[in-house]
Every structure is written in C-alpha cells, then in structure tokens.
Amino acid sequence: MLRPKKPPKHTILPRDVRSILVKRLIHPFTFGDMSQKDLLGGKGANLAEMVRIGLPVPPGFTITTQACREFLQSGAIPETLNAEIESALTDLEAQTDKKFGGITNPLLVSVRSGAKFSMPGMMETVLNVGMTPEVTESLAASSGNPRFAWDSYRRFIEMFGKIVCEIEPDEFHKVQERVCQASGVTDLQNLGVEGLKHLCDGFKKIITLATGEDFPADPREHLIRSVEAVFRSWNSERAQMYRRRERIPSDIGTAVNIQSMVFGNLSEDSGTGVAFTRNPSTGEVGRYGDYLQKAQGEDVVAGIRTPMSLDEFGQLSPEVAAELDSVMELLEAHYEDLCDIEFTIERGKLWILQTRVGKRTAEAAFRIALQFVDENKISMDEALLRTSGEQLAMLMFPQFDTSGHLQEIARGIPASPGAAVGEVVFDSKRAFDLSKAGKKVILVRRETSPDDLVGMVASEGILTSRGGKTSHAAVVARGMGKTAVCGTDSISVDERANLFTAGTVTVYEGDVISIDGTTGAVYLGDVPVVASSVTSYLEGRLSAASDEATPVVKAVDRILVHADALRRLKVHTNADTPEDAIRARILGAEGVGLCRTEHMFLGPRRSYVERLVLAENEDIQRSVIAEMEPLQRADFVGIMMAMSGLPVTIRLLDPPLHEFLPSLVILSSEMARAEALNEEVAPRDKALFAAVNRLHEANPMLGLRGVRLGVLIPELYKMQVRALVHAFLEVRKLGHDPRPEVMIPLVATQRELLYLRETLEEEIVKTFKGSGLNLEIPIGTMIETPRAAITADRLGVYADFFSFGTNDLTQLTWAFSRDDVESTFLPRYLDLELLPFNPFESLDEAGVGILLRTAVDLARGLRSDFKLGVCGEHGGDPRSIHFFNSLGLDYVSCSPFRVPIARLESGRAAVIA
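Residues numbered from 1 in each chain as written. Predicted model: local features only at pLDDT ≥ 70, side-chain atom pairs only at ≥ 80, totals over all residues. Heavy atoms only, no water.

1. Quick word on the overall build of the protein
Short version of the rule: The helix count covers DSSP runs of H or I at least four residues long, the strand count covers runs of E at least two residues long, and both are numbered beginning at the N terminus. Based on C-alpha atoms, the radius of gyration is set beside the globule rule, defined as 2.2 Å times the residue count to the power 0.38. Between buried and exposed lies partly exposed: a residue is buried under 20% and exposed over 50% of the maximum accessible area for its type, with that area taken using a 1.4 Å probe on protein chains only. The contact definition used throughout considers only heavy atoms, calling two residues in contact when any of these lie within 4.5 Å. The Shrake-Rupley method, run with a 1.4 Å probe sphere, supplies the accessible areas, and residue values consider only the shown protein chains as cover.
Within the protein, the secondary structure is distributed over 37 helices and 33 strands. Here the C-alpha radius of gyration of the protein, 32 Å, is about what a compact globule of 913 residues would show, namely 29 Å. Seen through its C-alpha atoms, the protein measures out along the principal axes to roughly 105 × 75 × 60 Å. Among the 913 residues that make up the protein, the fraction classed as buried is 55%. The contacts in the protein between residues at least 6 apart in sequence include a share of 68% that link residues at least 24 apart. Carbon and sulfur atoms make up 51% of the accessible area of the protein, which totals about 38400 Å².

Here it is as structure tokens:
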C-alpha cells in the first residue's frame, strides 16, 4: 500500500524572494501544490501535488500561464523564456542523468497544455520532443527494439507536422496508406522497421512541401516551436467553442508542462492507460478505465485501438495493477473526490503522468457525492455543491421504451448515458449544418478527434466503432451531457462512402438510428421514449423508498431534501393552465409567480383578441370582453384550486398585438392579389386589413402592450379582476384557500401605476360587494423597463410587490430584440467572444444586474420586507439563481419542468453565500 510522503513544511520566504518566484515563468514540478492552478494550470498544479505526496511522477517543469498570456498579447515568446527553458533543461538533465539533444542516453520530453480549468482534448500535445535520426538509431540500439525507436520518431514527426506546422491530418494519412500498401500490411501496427523509416521520410517531405523549409534538425528548435504551438492552441476554434460552452474565461491562458518521457510502446511489459477511481458514467464503486499494451501517450484517449479493461489488465500484470490500485486509493483519499489518472508502464514500472478531479455524468455526480457522504469523507453541504441544477435537468431527460419490438443492430461500450435519436451523419461540419437547419443527427465516426467538437456539440449523440470508456468521444460526451456509445467494433464505418455496416445491415447517411448510452445498444429506426426514473420520482409516480427506486433516484431524493432544508429562496412557477399548475406543485413549486393571461387567448381563443381589435365601437368591445370573462374565470378557478394555500400571481393581459393578429405583409399580399384579379373582398377581411394596418407597429415589443393596453381599454383589465374575484369566491366556497395577487405589466411611471391601481381597486371592491367579504388583493407590478428599475422607490409607494421581468429588461437594456438577434448577429458575437454568453439564457450581472440591484435597494429602502421576485426565464437558470439569492430576493419563478432544478440550485446558493 502506497502511503503519502509527509509534505515538507512550507518555508516563509522573504518578500523579495517571493517576488522573484512570482515573476519567474518556469517552475519545476517540485514547486507548488494543487492550490496554484491560476499560475501552474490544473495539470501543473496537480503534478506538483503528486510529487509533494511522493507518487512516481516523471520529472519536469511547468511554463506558467503568465508566459502564455504574454505570448498571446505580443505574438512572440517572452524575452526571458528561452533562458529559463535552458536553465530548467539543465536541472532536468541532472535529475534524469540524461542529455537533451544528446545522442547517447538522450533526454526526450513531452510538451502538454494544462489550463486552470480542465479542457480535455481541446489543446495540443507533442510527444517525443528531442528525437532526431541519430537519437533514433541510438535508442534502437540501447533498447534492443528498433521498431519502438522508429515508431516513436514517426509519432514525433507526425505530431510536429500537424500541430506545429498546422498541416491537415489527411496529408499524413495518405502517405501512411501508401507506405502500408507498399509494405503489404493493412495498418500501422503491422508495419516493420523499414516501413517506418519510409514513413518518417514521407512525413518530412510533406512538411517540407507545406512549409517550404527542410524539417528542422535542432531539438531545441523543436521544443520552442512546440511550446509556441501549445500557446497558440489556446485560441484554436475548438478551444474557443469549448470555453464558450463551459463559460471558461478567454483571457487566462494555458500553462505548458514539459515532462521527461516514459515509453509505453517500448516492450510487451509496457503500456499506457487511463483510470478512474470510480465509474464516471454510472457512479458505481470500483476500478474503471482502459489499458493499451505497447502504446504511447494519447493512444487510449484517441480511441484508435480498442483497449482492454483494467480488470483484464489486472490478470495480465497483477503486481503492477495492485500498485495502480494503491495509487488510485491514495489519490481519491487525498483529493476527496473521483480522480481521473493517466499512467504509463515502462518495462514493468508504473509512472503517473497526471491526475485531475474527473469529469462525470449527471448520474455519477449524484451517486458519487452521496457515496462520499456515507463514507464520512464529505458533508451533505459539500455533496450538494458537487451536484448542480444542470445535471438534474439531464437526469430528467427521457429514456428508451424497450417494451416494443426493436431492431438492435449492434452493441458497444456505454460511454455516456442517455437516449438519442437522429439521422446518421459522418462529417462534423455537416452535422453542424443539419442541426442548424433543425435536424436531429447522430454523429457516426470510426473515432473522434478534438476537431470533431463542432459536430459533437450539434449532435444528439455520438457513435464510434473504435475507442473505449476513456476515449476522446467518451470523455467529451460525458462532460457535455451528450449520449455516446463507443468501441462498437461490430460496425464497420466507411466515412468516404457515408455508410456503416452492422452484420448484414447497411446504414446510410440520412437513415435514422437510436443509441442508448446507458446500455450501449444501437437500434435501427426511431425508438419511442418514456419518462426517466428521476422524472417519475419528481412527479410523484415513484417513491424514493420503494424497491423500484434506482440508486440515482435515492441520491437525488437525499440531495433535494437537503437543498430544500437549506434554501432561503422560494421557488414559484410560471403556469398559464391548471394542468401546468398541478404539475409544478407536484414538482415542488410553492406558488405561481407568473400566470400569463394573454397565453389563455392563443390557439382557438385567438379570435377574441381579433374581435376586440375589430370592434367598431365601445358597445361591441364590451360585448367581446363580456364573452371573455367566463373563460378567464374558469382558468383562474383551476389554477387557484391547484395552488390552494399558495400565492398565485396573475399578470394582466400583455399581448404584443403582432402575436395575435395576422401578418400585415400577408394581408397586403392577399389584398393586392384580389385587386389584381378583380376579386371581391369580404367585408370582414377588409375590416381586418384596415385594423391591422392601423395598429401595425415597427417594433411591437415597444408598442401597444401591457399597462398601455389597460389605459386605452380599461374595461379589459376590469374584466380580468372581476373574473379573478369571482373565481376566488368560487374556490373559497369549495373549501380551498385561494391566495391571488394581481400584477400590472410593463409599468414605467408612477402615474401609470397609480391610475390603474385605483381603477382596479375600485373594481375589486365593487365585485366583492354582497359577498360578505372585503378582501384586499395585493397589487404589484413587473419591473421590466430600465426606468422602472431606477425609479423603483417611486413605484414602490403604490405597489405591494415587484416581480422582475428579466426577459424584457434584458431586451430593453441591451437594445436587443430577442426574436431577431438570436438568429442574426448574436451567434457571431458569441463566436468572436464579444459576448461571454447569451444574456437571454443567463442574466447579465454587470449590466442588467445593476438595474436589479438598484431596484432592490430602492424598494427595501421603502420597506425592509418589500416582496421581490423574478419571473423571467432567468428564474430557472442555475447561474442566475445564485445572483438572485445574493440580492436577497424572496422567490424565483420558472417553468414547471425547471422547478426541481431551481430548488436544488437555490440550496447550493445558500451554501455558497
């Protein structure tokens, strides 16, 4: 059993020495610990930590993130970096008793990226730096294995060409195919020494043709240019896309780790692997990972060969496997979390190349968090922080219904759970284009590479014929919550012909398949889905205490119960129908924060709004409004019945008229056509055209809607509060406890609010007369215009509560029309990182957030218990909820589906606060 070495006591250095250390751009692995990720990057900090606790780590040094930032700013290597690299190499040569650039006993190194936040496969790595033809011949002689030496040199030249010289991988594949064919072998693994030499020569010629220069001979030039390439990879297209998706800052840069090479491709008792201390897919306890015999570096992650499991490795090399088990146990105990470990075995000796807290699926996150609690390693608060609302949302996705007749055509390794259905596509760019056009696609590849990220993001799921549980496809899919089935070796993928075969079945591009990332099954056709077990539990159809409850259901139950006990924020729902309200209450909603009454007049009821607009006089208008009243009353009865004992906030009508009336463009076209054909136009159509033409607005979202509609047609809002009072009386008579609130939309001035409040209060009192009750129904307003936010103290005099309508507040603050910008320039802004995220998905704290904070301060200055909430889409966004909690709001309101997510995230916010 490995025991951690007692860490050396930290010496308090003089201030001038500490300053020098901070200014240095390079630190050996013996410097620092896992807390210094800002300086050393995640990989460098964890390497330093493993050295500190005594694990077998190949020695090396880290070039700091500061060096990368200076490079990105100036476009050139920092002035002092070359000298620092020379000094660090000298120290490394002394540690290893090898010589960088030397012929005998040469020092070879890897050059790897390592940002503060894990970005698996998104940046570059160059292995075997320091190899030359002379070094290769020397290595062939000293190792007694010429094939190993020339294969290592081949790897270096290919990586240098692809990464440093930025040559397309296909150019190298073409040469490889020609050499293999000429040598009479089918793949690289069977190519002999002479074939590898020809391959090296061919690769060098590609580089010379592409760059116009001979392949460089100086190992130091190789090293410096490799470092520059890793720095540049921080801004590669895939790295930028990954950062946008994961909300990683673009200005922190990456560290670079220079590590002495150990060779897993040296001999039969050598190999490379990736291990997880627990199953990152399901959360089950036990060793999990892959091992490739006679392989190097990125082979496991690349998925080019299908590896053996760690259990099989245990049978192959029981002593080394036992040592690896001890390392896994030690690291998990040290980090108190699931660890992802890369290791190499060189002639029977185990080396640990890196570790990090492992990425995991949503199911694994919940299960592992509770396992650590039950093992007395972390608290329930910490377990709550290790899960998230986004992960809970993933667990609520449907699963395949396997009760019917299914045509299973293959079965692979279940790499990332979920149920995905879509059209087969074999090219990442095409997957992106089809997805953008509204198609659901499954990306099918032999194996994925980092360049496939754009297609992986766009796809419903990923299917590969090669690779294992720790291949690139598996790791990235788990991190993104995408369904993935890998290592499906029973299928043969022909990416050039755009087809794959599974036994006697041929599947072409465009055919529909279904993949199950939980079982690894691949089905032909569209398989129907059913609710997940977590959704069944949340909706009350499955008890967490029952025998049918899965381990993840039990884990979700315990985490949610704890979150509910901690959270301060109430969670309401946005519900426009009784059915929505019932479902939301089952999911844990504590009231209705937004009932959008205009939604009650979509669909078959749309004609009422049309008739209201077409009314030729007030009498006809009143007649239409009278017809609308019983419909509103029935809706209100159903919602307040569902939410008995809980607040129900009724937002008065706020219909942007363009959503309820026919398009002026279409009507104009029809009228012009009728005129051209001399056709008679019906009187109603003429009236409708005239009304739409009269009411047409260049920007309907800023036009006749909300409070303005109530001012122009006061009978409309009067009707709504009458219907609400009658509904209240009916629900109360049935023995329930209705708690209605009235909310006026789009208010901008104190006078607007006062005018409508007096009108509504008068109507409420009048309607209650004769009932024996004289109830005061709270009347509040939405804060959805910047003016309302900065004059909240004035509005608060006449409002019982505020609810922030963050959708409109975002539109009006940014001068963005949401319906337009998301399909026009916003994607480009995100691509260029002009915006760090879509402000309609997560609240813009630096802009819109200031308006919210201003309004909160002004309102609470009037009354310390002023009721404040949020009812925009941001109310269900996990990131935004933390901001709302910090403002001291009373509640968030979101769609029914997101209620459990908001409950969980509100609990997390309480722990962090």
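Here the narrative resumes.
2. Looking at the pairing of strand β30 (residues 779-783)
Test applied: When the strands point away from the viewer and the connection leading from the first strand across the helix to the second strand turns clockwise, the crossover is called right-handed. Any two strands with at least two DSSP bridges between them are considered paired.
In terms of burial, β30 is a largely internal element, five of the five residues being buried. With helix α29 (residues 750-768) bridging strand β29 (residues 739-744) and the parallel β30, this β-α-β connection has right-handed handedness. In this structure, β30 lies alongside strand β31 (residues 801-804), joined through three bridges in parallel fashion. Its bridge partner being in β31, T781 is matched across the sheet by F802.

3. Focus: the UniProt feature "domain: Pyruvate phosphate dikinase AMP/ATP-binding" (unreviewed entry) in the protein
Threshold: UniProt positions are given in the numbering used here, feature names are shortened, and annotations may be inferred rather than shown by experiment.
As recorded in UniProt, the feature "domain: Pyruvate phosphate dikinase AMP/ATP-binding" (unreviewed entry) lies at residues 74-307 and 316-368. In the segment residues 316-368, helix accounts for 49% and strand for 32%; the C-alpha atoms at its two ends are 29 Å apart.

4. Some thoughts on the sheet that holds strand β1 (residues 26-28)
Where we set the bar: For helices, the fitted axis covers only the stretch in contact; all axes are lines through C-alpha atoms, and the angles between them, taken along N-to-C directions, range from 0 to 180 degrees.
Taken in spatial order, the five strands line up as β1-β2-β7-β5-β6 in an open sheet, and their pairing is antiparallel. What marks the edges here is a single partner per strand, and that holds for β1 and β6 (125-129). Taken pair by pair, the neighbouring strands of this sheet meet at an average axis angle of 20 degrees, ignoring direction. Two elements, strand β2 (residues 60-63) and strand β7 (residues 254-260), share four bridges in a ladder whose sense is antiparallel. The residue bridging G60 from the neighbouring strand is Q259, located in β7.

5. Some thoughts on the domain arrangement of the protein
Threshold: What counts as a domain boundary in this text is fixed by an automatic or database domain assignment. As a working definition, buried area equals the accessible area (1.4 Å probe) given up by two parts on being put together, with both sides summed. For salt bridges, the criterion is a side-chain nitrogen of Lys or Arg within 4 Å of an Asp or Glu carboxyl oxygen. Here a polar contact is recorded for every N or O atom pair within 3.5 Å, except that within protein the pair must consist of a potential hydrogen donor and a potential acceptor, and residues adjacent in sequence are included only if both atoms are side-chain atoms. Residue polarity follows a fixed list, in which Ala, Val, Leu, Ile, Met, Phe, Trp, Tyr, Cys and Pro are nonpolar, Asp, Glu, Lys and Arg are charged, and the others, Gly among them, are polar.
The domain boundaries assigned to the protein delineate domain 1 (35-260), domain 2 (271-360), domain 3 (399-530), domain 4 (567-656 + 697-912) and domain 5 (659-696). When each unit is reduced to the centre of its C-alpha atoms, the spacing between domain 1 and domain 4 is 57 Å. Listed per partner, the contact involves six residues of domain 1 and eight residues of domain 4. Here domain 1 packs against domain 4, burying approximately 620 Å² in sum over the two surfaces, 33% of which is carbon and sulfur. For the pair domain 1 and domain 4, the number of links is zero salt bridges. Across the contact surface, domain 1 and domain 4 share two residue pairs in polar contact (both at pLDDT 80 or more). Considering only residue class, the side of domain 1 that touches domain 4 consists of no nonpolar, two polar and four charged.

6. Comments concerning the pattern of salt bridges
This model, assessed by the stated rule, comprises 61 salt bridges. Ionic pairing is found between D311 and R287, a salt bridge with its closest N-O pair at 3.4 Å. A residue pair is termed long-range when its members are at least 10 positions apart, and D311 in helix α12 (residues 310-316) and R287 in strand β9 (residues 285-293) qualify at 24 residues. For D311, a relative accessible area of 48% corresponds to the partly exposed category. K867 serves as the salt-bridge partner of E741, at 2.7 Å between the closest nitrogen and oxygen. Of this pair, E741 sits in strand β29 while K867 sits in strand β32 (residues 867-870), placing them 126 residues apart in sequence. The exposure class assigned to E741 is buried, which follows from its relative accessible area of 7%. Overlapping salt bridges bring together D151, R154, R155, E158 and K162 as one network.

7. A short note on the packing of helix α21 (residues 551-566) against helix α37 (residues 899-912)
The criterion, for reference: Oblique is the label for every angle not falling under 35 degrees (roughly parallel), over 145 degrees (roughly antiparallel), or within 65 to 115 degrees (roughly perpendicular). By definition, turning the near helix anticlockwise from the far helix through less than a right angle yields a left-handed crossing, and turning it clockwise yields a right-handed one.
Orientation of α21 relative to α37, taken along the N-to-C sense of each, is 60 degrees, at an axis distance of 8 Å. The pairing of α21 with α37 is recorded here as oblique in orientation. Where α21 crosses over α37, the handedness of that crossing is left-handed. Mapping the contact onto sequence places I559, L560, A563, D564 and L566 in α21 and P900, R903, L904, G907, A910 and V911 in α37. Residues of the contact of α21 with α37, tallied by class, amount to eight nonpolar, one polar and two charged.

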